[in-house]
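Each chain, written out:
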Amino acid sequence: MLLPASLLDQLCSAPGFDRAGFLQAHQEAQAPTSIRLNPSKLPPLNDAMQPIGWSRQGYYLQQRPSFTFDPLFHAGCYYVQEASSMLLEQAFVQLMPQDQPLRVLDLCAAPGGKSTHLYSLLPAGSFLMANEVIRSRALVLRDNLIRWGTQNAMVTNNDPEQFRALKNYFDWITVDAPCSGSGLFRKDPDAIEHWSPAAVQHCAARQQRILSAAWEALRPGGILFYSTCSYSVEENEAVAAWMIRELKAKPRSLVLQSEWGITSTDPGYRCWPDKTRGEGFYCCCLQKPDDRVPTFLPRVQKALRSVSKNEMSIVRPWVSSEDALYLLLHQTVYAWPSQLRSEWEACVALLNVIYSGVRIGELLPDKLVPDHALAQNSYLSNTVALVSLSLTEAILYLQRKPFMPSQTAKGWTVATYQEFTLGWINALSTRINNYYPKELRIIKDSLAS
Ligand code: SAM
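Here we summarise the structure given alongside this text. All figures in this text were calculated on a predicted structure; none of them were measured in a lab.

### So, the side chain of K114
Okay, step 1: Along the chain, K114 falls in helix α5 (residues 113–121).
Okay, step 2: Of the polar contacts made by the side chain of K114, one reaches the side chain of D176; its length is 2.8 Å.
Okay, step 3: Excluding residues within four positions of it along the chain, K114 makes contact with Q81, S85, L88, D106, T174, D176, S227 and F281.

As structure tokens, this is what we get:
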């Protein structure tokens with residue numbers, strides 16, 4: 001791996017940089033493989049999993065398995081995530097109250113590593129808005145949140161500028177900014193070709209634009225978590241210094257254990273691959289001065305259309321939650337937590353919301369066609385029929401290939417693997433119809449292909 005000489009020259013001034021150790025980590029060591037478990041779908045642990053110090057549900061794996069051919073991955077039992085970036089957890093649990101509902105925004109969210117992580121850390125009654133500006137990536141983000149089984153979350157597809165409309169609204173904002181990506185060279189050596197000092201400058205200017213919009217949406221006293229996977233000071237400490245100078249941001253510090261090997265910088269924290277067991281990562285926590293501006297409550301502009309009593313009699317047998325709001329949008333029923341009604345109304349009026357709550361299904365005059373999201377969510381009624389699949393059957397199901405489970409009830413049934421739900425089948429007397437979404441199916445034929 002030939003690292004750009006201009007990067008190495010730039011890094012001489014970076015806090016904690018050790019040229020020899022850094023080169024050795026890139027020449028001789030591989031990026032560790034790590035996952036973060038979903039606390040609401042906890043899969044069994046095994047001896048080969050080693051805890052990551054700074055994240056309760058984070059684990060290193062000894063080898064990289066084929067995640068594609070593991071049904072538990074598709075069931076949303078874990079997220080494959082780089083260990084250093086799980087440092088977000090320390091910031092969130094150390095700086096945010098754990099006993100009151102919070103409004104949380106993940107502004108640059110796809111594919112969803114930090115959104116699924118934040119979601120699992122939210123105090124009861126909170127809500128998460130996960131935004132991604134690139135539409136195709138926003139759809140992947142939506143799919144990952146559906147798999148994670150989220151309920152109090154929405155996915156938006158907006159430019160950061162549009163968040164200025166939600167002035168002083170969020171208690172916490174994560175800006176995991178697009179960056180020059182040098183911190184991931186070990187995982188993706190092809191990215192080295194695209195790196196240049198000019199790309200670093202370009203990214204730093206874009207990071208400032210994104211942050212200035214995010215800052216407006218943060219409530220006074222709220223915390224902005226800024227991170228990149230770049231090593232360049234220009235994209236890290238220099239951007240944070242600009243926030244402190246221009247926006248009067250106050251840096252907040254964290255208590256980290258020395259054995260984690262994380263370098264404290266001014267302001268923020270760095271993970272170097274020769275010191276921390278993970279890839280290159282920078283983060284800092286910035287608080288907005290509390291100048292007592294009241295929290296902004298946008299005016300409701302878009303009234304909800306809840307399902308009627310009659311429609312609810314069709315929906316009820318499919319769902320477990322009595323106290324959710326059941327909303328109808330273009331004949332599709334969504335469930336959304338009742339206590340977050342005004343949040344939904346405000347956000348839908350101001351942003352391009354592409355998914356919210358839990359999609360329950362399509363309402364036809366006399367029946368509901370259940371949605372994949374419901375199958376993967378705890379809103380699923382426990383009276384719905386289940387069929388347990390073997391590993392081979394589960395893979396065939398996820399590939400959308402023909403198979404016939406040995407014992408299944410007729411009609412709509414949820415396919416499970418090791419008790420975790422995968423998706424719907426509709427069992428007829430001679431065959432089953434597979435409703436696993438086409439766009440999520442496993443395309444590979446086998447491990448070897
Ligand atoms: N937070 C994500 C996670 O943990 O999975 C990774 C985010 S990635 C580092 C940065 C994201 O910013 C990408 O999804 C990218 O599409 C998005 N992005 C690119 N240009 C942007 C812009 N001008 N404004 C906001 N986001 C942008």
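And the narrative resumes.
### Digging into the sheet that holds strand β1 (residues 33–37)
Okay, step 1: Pairing is antiparallel across the open sheet formed by four strands, whose spatial order is β2-β3-β1-β4. Two strands in the sheet have a free side with no partner beyond their single neighbour: β2 (49–51) and β4 (78–80). Taken over all neighbouring pairs, the strand axes of this sheet differ in orientation by 35° on average, direction set aside.
Okay, step 2: Summarising the sheet, β1 and strand β3 (residues 58–61) pair through four bridges and their orientation is antiparallel. Within β3, the residue paired with S34 across the bridge is Y60.

### Overview of the sheet that holds strand β15 (residues 332–337)
Neighbouring strands of a sheet are bound in pairs by backbone hydrogen bonds; such pairs are parallel or else antiparallel.
Okay, step 1: Across the sheet, four strands lie side by side as β14-β15-β17-β18; this open sheet has antiparallel pairing. The open sheet is flanked by β14 (324–329) and β18 (368–370), the only strands paired with a single partner. Recorded for the sheet is a direction-independent mean angle of 35° between the axes of neighbouring strands.

### Quick word on the pattern of salt bridges
Okay, step 1: Scanning the entire structure with this criterion turns up 15 salt bridges.
Okay, step 2: R142 is the salt-bridge partner of D143, the closest N and O atoms lying 3.1 Å from each other. As far as burial versus exposure is concerned, D143 and R142 are alike and both buried.
Okay, step 3: Between E246 and R245 there is a salt bridge, with its nearest N and O atoms 3.6 Å apart.

### A word on the nonpolar core
Okay, step 1: Ranked by internal contacts, the top residues of the largest apolar core, which has 37 residues, are M129 and V175.
Okay, step 2: Elements with a contribution of two residues or more to this core: β6 (127–131), β8 (170–176), α7 (197–217), β9 (218–228), α8 (237–246), β13 (281–287), β14 and α10 (341–350).
Okay, step 3: Examining the composition of this core, we find that five residues originate from one element, α7, more than from any other.
Okay, step 4: In this structure, M129 is in contact with V104, L105, D106, M154, T156, F163, L166, F170, C347 and L351, ignoring residues within four places of it in sequence.
Okay, step 5: Within the second largest apolar cluster, 32 residues are counted, among which are W54, M96, L102 and I262.

### Some details on the packing of aromatic side chains
Okay, step 1: Enumeration over the complete set of coordinates arrives at 21 aromatic pairs.
Okay, step 2: Between F17 and F22, the ring centres sit 5.3 Å apart and the planes meet at 70°, which makes this aromatic pair edge-to-face. One exposure class covers both F17 and F22, and it is buried.
Okay, step 3: Judged by centre distance (6.4 Å) and plane angle (65°), the rings of Y226 and Y282 are edge-to-face. One end of the pair, Y226, is in strand β9; the other, Y282, is in strand β13, with 56 residues separating them in the sequence. Accessibility classification places Y226 together with Y282 in one group, the buried group.

Thresholds, definitions, all that
Residues numbered from 1 in each chain as written. Predicted model: local features only at pLDDT ≥ 70, side-chain atom pairs only at ≥ 80, totals over all residues. Heavy atoms only, no water. Helix = DSSP H or I, 4+ residues; strand = E, 2+ residues; numbered from the N terminus. Polar contact = N/O pair within 3.5 Å; in protein donor to acceptor, adjacent residues only side chain to side chain. Contact = heavy atoms within 4.5 Å. Pairing = 2+ DSSP bridges. Axes fitted to C-alpha atoms, helices over the stretch in contact; angles between N-to-C directions. Salt bridge = Lys/Arg side-chain N within 4 Å of Asp/Glu carboxyl O. Buried < 20%, exposed > 50% of the residue type's maximum accessible area, 1.4 Å probe, protein only. Core = buried A, V, L, I, M, F, W, Y, C linked by side-chain atoms within 4.5 Å. Phe/Tyr/Trp six-rings, centres within 6.5 Å; stacked < 30°, edge-to-face > 60°.

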